[in-house]
Amino acid sequence: MSQFELTVTKPRLRNLPSYLSRFEYEGPDIDESSSEEDKSRRLSRKELGSMIQASPKEIEEELERLGALEVDGKVVTTEAVKLELTLCRCA
C-alpha cells in the first residue's frame, strides 16, 4: 500500500498578470464599444482559481496587489494600474 504525504508549496502566481492583461478594461465608454466576444474572454475569479495553482486567499491577495478590478463578474486590470506598479518597482 502506498502512502502520500502532502506538503505546502509556494503559490504559482507568475502567470496571473498575463491572464489578466489579455483583455484590459479601458473604461466604461470604450468597454461599451468592445465586442461581446472580447468581453467574454475575460476570466472570472472561479476560472482564475482553476487555472492558477494557489489557494483562493493567495489569489485574492495577488489580485489586490495587482490592483485588479471586477467588472460584470470578470476580473480585469487597467493600463493605469500596470503603469503604477511599474513605477513603484523602479523607485
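Above: the structure in question.
Summarised in this report is the structure supplied together with it. (Residues numbered from 1 in each chain as written. Predicted model: local features only at pLDDT ≥ 70, side-chain atom pairs only at ≥ 80, totals over all residues. Heavy atoms only, no water.)

Looking now at the overall build of the protein. When you go through the protein residue by residue, the secondary structure sums to 6 helices and 2 strands. Counted from the first residue to the last, the protein has its helices and strands arranged as α-α-α-α-α-β-β-α. Within the protein, the fraction of its 91 residues that count as buried is 29%. Sequence separation of at least 24 residues holds for 66% of the intrachain contacts in the protein that already meet a minimum separation of 6. Summed over its atoms, the accessible surface of the protein is roughly 7,100 Å², and 52% of this surface lies on carbon and sulfur atoms. (Helix = DSSP H or I, 4+ residues; strand = E, 2+ residues; numbered from the N terminus. Buried < 20%, exposed > 50% of the residue type's maximum accessible area, 1.4 Å probe, protein only. Contact = heavy atoms within 4.5 Å. Areas by Shrake-Rupley, 256 points an atom, 1.4 Å probe, with all protein chains shown as cover.)

Next up on the list: the pattern of salt bridges. Per the stated rule, a full pass over the model turns up 5 salt bridges. Here arginine 45 ties to glutamate 70 by a salt bridge, and the two come within 2.7 Å at their closest N and O atoms. A residue pair is termed long-range when its members are at least 10 positions apart, and arginine 45 in helix 4 (residues 45–51) and glutamate 70 in strand 1 (residues 69–71) qualify at 25 residues. On the basis of relative accessibility, which here comes to 34%, the residue arginine 45 falls in the partly exposed class. Counted as one network, the salt bridges with shared partners bring together Arg45, Glu60 and Glu70. (Salt bridge = Lys/Arg side-chain N within 4 Å of Asp/Glu carboxyl O.)

Here the focus is the nonpolar core. By size, the foremost hydrophobic cluster in this structure holds 11 residues: Leu13, Leu16, Tyr19, Leu20, Leu43, Leu48, Ile52, Ile59, Leu63, Leu66 and Val75. Secondary structure elements with two or more residues in this core: helix 1 (16–21) and helix 5 (56–66). Here leucine 13 is in contact with Ile52, Ala54, Glu58, Ile59 and Glu62, once residues within four sequence places are set aside. (Core = buried A, V, L, I, M, F, W, Y, C linked by side-chain atoms within 4.5 Å.)

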